[in-house]
Number of protein chains: 2
Amino acid sequence: MKEPILIEHKRLHELCLTILKAGGVDDLQATSVADNLVWSELVGRENFGLLRLPIYLERVAQGGLNTPCVPKFKDVSLSAALLDADGGFGQFAAGLAMDRAIEIARINGVGSVGVRNSNFFGTGAFFVNQAAKSEMIGLVMSNSFPKVTAHNGLTPVLGTNPLAFGAPRENGESLLFDMATSALAGSTVREYIASGSSLPEGLAINSDGSAITDPAKVSGGALLPAAGAKGYGLSLLVEILAGVLTGAGVSDDVGSMYQDVTEPGQNGHFMIALDISCFMPLEVFKSRLNHLTALIKASNPQDEVLLPGEIRWRNYNRSMREGVWLSGDTLNAVESVCRKLNVSTPWTVKTAAVGA
Amino acid sequence: MKEPILIEHKRLHELCLTILKAGGVDDLQATSVADNLVWSELVGRENFGLLRLPIYLERVAQGGLNTPCVPKFKDVSLSAALLDADGGFGQFAAGLAMDRAIEIARINGVGSVGVRNSNFFGTGAFFVNQAAKSEMIGLVMSNSFPKVTAHNGLTPVLGTNPLAFGAPRENGESLLFDMATSALAGSTVREYIASGSSLPEGLAINSDGSAITDPAKVSGGALLPAAGAKGYGLSLLVEILAGVLTGAGVSDDVGSMYQDVTEPGQNGHFMIALDISCFMPLEVFKSRLNHLTALIKASNPQDEVLLPGEIRWRNYNRSMREGVWLSGDTLNAVESVCRKLNVSTPWTVKTAAVGA
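The rules behind each value
Residues numbered from 1 in each chain as written. Chains lettered and ligands numbered in written order. Predicted model: local features only at pLDDT ≥ 70, side-chain atom pairs only at ≥ 80, totals over all residues. Heavy atoms only, no water. Pairing = 2+ DSSP bridges. Helix = DSSP H or I, 4+ residues; strand = E, 2+ residues; numbered from the N terminus. Axes fitted to C-alpha atoms, helices over the stretch in contact; angles between N-to-C directions. Buried < 20%, exposed > 50% of the residue type's maximum accessible area, 1.4 Å probe, protein only. Right-handed = clockwise from strand over helix to strand, strands pointing away. Least-squares fit on C-alpha atoms with pLDDT ≥ 70 in both. Contact = heavy atoms within 4.5 Å. Polar contact = N/O pair within 3.5 Å; in protein donor to acceptor, adjacent residues only side chain to side chain. Buried area = accessible area lost by both parts, 1.4 Å probe. Salt bridge = Lys/Arg side-chain N within 4 Å of Asp/Glu carboxyl O. pLDDT = per-residue confidence, 0-100.

Okay, the sheet that holds strand β6 (residues 163-167) of chain B next. Backbone-to-backbone hydrogen bonds pair the strands of a sheet. The strands run either parallel or antiparallel. Residues and elements named next belong to chain B. In space, the seven strands of this open sheet follow the order β2-β3-β4-β10-β5-β6-β7, with mixed pairing throughout. Taken across any chain shown, the strands that pair with only one partner, and hence form the sheet edges, are β2 (72-77) and β7 (175-179). Strand after strand, the sheet turns through a mean of 15° between neighbouring axes, direction not considered. Looking at chain direction, strand β5 (residues 136-142) and strand β10 (residues 267-275) are connected through seven bridges and run antiparallel.

Structure (structure tokens):
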């Protein structure tokens, strides 16, 4: 296993941008995706960071990610818009869509934007943080390739369909909540595979209903929804808003990021921004939220109670101060694309010793 | 145990209305609450039905439910409004709020309405069904008296904070999804108590973190959030939108329906209505949703996969055709208020036999 490396976030951003551009990504998308991936690294969500560069660039090369792309907005009402993402990066499309939802909310109090013809968008936390930075409440969801059963179903019909929520706080460290509606996120399955540990029962099943405990076999079976009927209902909510209502792919019309690399994934996203200042003065909202979070923090005298996003902000602050730690897996991913694209890394790429 | 009785739904509605009016509820609220309680009975959600008449009427008598009340709307932006419910029935206020959200959505595509100074509103499914009947997608949430811990917390800081979602279907039987964000709904705890069975571990804890298995002891401890961090995050989402943002009570400012009967509960609600026809022709949406639900229904060749709300519609259709079954518990509740208010029931009230 490669040792982790510490790198200053601006240099990481430069590297990421260079790689994306060298891989054929247009400037607009490359900047947006680099912002997104580096933020994921800063907050400690490696799985949504540079680790995915190899598959993104493979998709770019094979047609699964359209670049350049020409996203087209259509206002469908005073408070709602639809975005055709033209098969580009989900990170790019979702960022544009949240920007537009915020713009609409500034005028009308509420803005909602649906996105179709998109791809995997990374972590919803990034986009609800966009809303929170604009002093708004954000709700973000995306459908995805079907890997998850309905409650009491046996075969996959729904994606891990993430749902995210963000709200600004007095201290600038927004609440950032981001959940997969499945018992396990796809990225967590990959973590189990990487660590070589087996899955507890109750998370994934074969098509006869028997438990899957080998994480490598999940792709041949299905994940279960989180908390049974609850996760199933939430996943349907996401599939209906992000998929059905936007005109995106629905259920098995959505492609797999890893297997269907020659065509855009047809993922759909849905964003809602609410302008807090319409409802009450912003400082009143923040003070009321502070009251709530203080009660929560005090609700266990023996152990720490965390707010959603709190760990991310700790990682973010430390990474901004000290640099970003890149794991061995991420280093391998970055080095493999750098070699292919003839991009030099800011660290020394070690080649395998002769005879090793 | 009293034997269940079958009653025609119109007679049940008349009875409910008569009882509410005899108990001092003004005509407007009485009609709205009777619609809500009888619908709950029709769909088989006894816990949100006439069973609650005794506590509602006690609250009316003691000042916990304001009647008559004068709800006041304030438009806070083109697409958002706030409703001060003036301490009336939550069922009444939430019904008005969803009507207003639908009105706004018809003009602007999206309508969102926050409610403060309200009370317990029953089941969120009722209000998302209002949206679905208007060919809209509805999202409804309410905060409630704190009974639930934060993830890793020990003492209650959040309500069971329900979250509901509804969408219209081609066959008229809307998707109706309604979940408590806690591991157990308050009404389910009462069902455990009534049935005399013990709680499985992992649902409720004492303030030292030890498991509660006696359902009667839950009120001295706390429920856990559904699926740990996921239910906790969703509960916060609800508390922030329905409580913090509306100006309603937050956390321990919200009263208990059963213990704090002399003052309104200060519950808050939050509604969003989305006009589907802005996004795509309604028939296209319904046909796309049909495609999704057909895939879901076919995802288990051996057993039935239910859609959220499907059991409710079966109950509803049967009850409309054959009448509503009132359980022994509901009969006891109804008869006790009828005796107090001198209202005659459409069935013969049996008095205890001499010497029984």
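Before going further, it helps to spend a moment on unusual backbone geometry. In this chain, Thr67 of chain A is followed by Pro68 of chain A through a cis amide linkage whose omega measures -5°. Within the secondary structure, Pro68 of chain A is located in the loop between α3 (53-62) and β2 (72-77). A positive phi angle, close to 50°, is found at Ser251 of chain A, a residue other than glycine. Topologically, Ser251 of chain A is positioned in the loop between α7 (229-244) and β10 (267-275). Phi at Asn152 of chain B is positive, roughly 75°, even though this residue is not glycine. You can see Asn152 of chain B is positioned in the loop between β5 and β6. On the basis of relative accessibility, which here comes to 38%, the residue Asn152 of chain B falls in the partly exposed class.

Residues and elements named next belong to chain A. For strand β3 (residues 80-84), a buried count of four out of five residues is recorded, marking the element as mostly surrounded by other parts of the structure. Bridging between β2 and β3 involves five bridges; their strand directions are antiparallel. Its bridge partner being in β3, Asp75 is matched across the sheet by Ala81. Taking the residues that link successive antiparallel strands as the turn, the β2-β3 hairpin has two residues. Both β3 and strand β4 (residues 110-118) contribute to a ladder of five bridges, which runs parallel. Bridging across to β4, Ala80 finds its partner in Ser112. Each parallel crossover has a hand, and for β3 linked through helix α4 (residues 90-108) to β4 it is right-handed.

A word on the relation of the copies chain B and chain A. One copy of the chain maps onto the other through a rotation about an axis followed by a shift along the same axis. For the pair chain B and chain A, the relating rotation is 180°, the translation along its axis is 0.0 Å, and the fit reaches an RMSD of 0.0 Å. Such a turn and shift between the copies fits a two-fold axis. For chain B, the residue whose C-alpha comes nearest the rotation axis is Ala227 of chain B, separated from it by 2.9 Å. When the interface residues of chain B are mapped onto chain A, 100% of them are again interface residues, pointing to one common binding face.

In this section: the environment of Ser134 of chain A. All names here are of chain A. Locating Ser134 in the fold gives a position in the loop between α5 (124-133) and β5 (136-142). Residues Ser134 and Ile102, spaced 32 residues apart in sequence, show a C-alpha to C-alpha distance of 7.5 Å. Filtering out sequence-adjacent residues up to four positions away, Ser134 remains in contact with Ile102 and Arg106.

Attention now moves to the side chain of Ser142 of chain B. Residues and elements named next belong to chain B. Here Ser142 shows up in strand β5. Accessibility expressed as a relative area gives 3% for Ser142, which makes it buried. Within the structure, the side chain of Ser142 is placed 3.2 Å from the backbone oxygen of Gly268, a separation counted as a polar contact. Apart from the residues lying within four places of it in its own chain, the contact partners of Ser142 are Phe121, Asn161, Pro162, Val238, Ala242, Gly268 and His269.

What follows concerns the interface of chain B and chain A. Contacts between the two partners involve 75 residues from chain B, matched on the other side by 75 residues from chain A. Carbon and sulfur atoms supply 72% of the area buried between chain B and chain A, which totals about 5900 Å² over both sides. Interface area lost by chain B to chain A is led by Lys230, Leu245 and Phe279 of chain B, which between them contribute 12%. If you look at where chain B meets chain A, you find zero salt bridges.

We now examine the confidence of the model for chain A. All names here are of chain A. Averaged over all residues, the pLDDT of chain A equals 96, while 97% of them reach at least 70. The low-confidence segment residues 352-356, where pLDDT is below 50, has zero contacts with residues more than four positions distant or belonging to other chains. The ipTM assigned to the predicted complex is 0.96, against a pTM of 0.97.

Take the sheet that holds strand β6 (residues 163-167) of chain A next. As summarised here, the arrangement of the seven strands in space is β2-β3-β4-β10-β5-β6-β7 (chain A), forming an open sheet in which the pairing is mixed. Strands at the two margins of the open sheet, each flanked by one partner only, are β2 and β7 (175-179) of chain A. Sheet twist, expressed as the average angle between the axes of neighbouring strands with direction ignored, equals 15°. Direction of pairing for β4 of chain A relative to β10 of chain A: antiparallel, over a ladder of seven bridges. Directly across from Gly111 of chain A, in β10 of chain A, lies its bridge partner Ala273 of chain A. Seen against the sheet, α7 of chain A touches β4, β5, β6, β7 and β10 of chain A and runs at an angle of roughly 95° to β5 of chain A. The strands that helix α7 (residues 229-244) of chain B touches are β5, β6, β7 and β10 of chain A; relative to β7 of chain A, the one it contacts most, it runs at about 130°.

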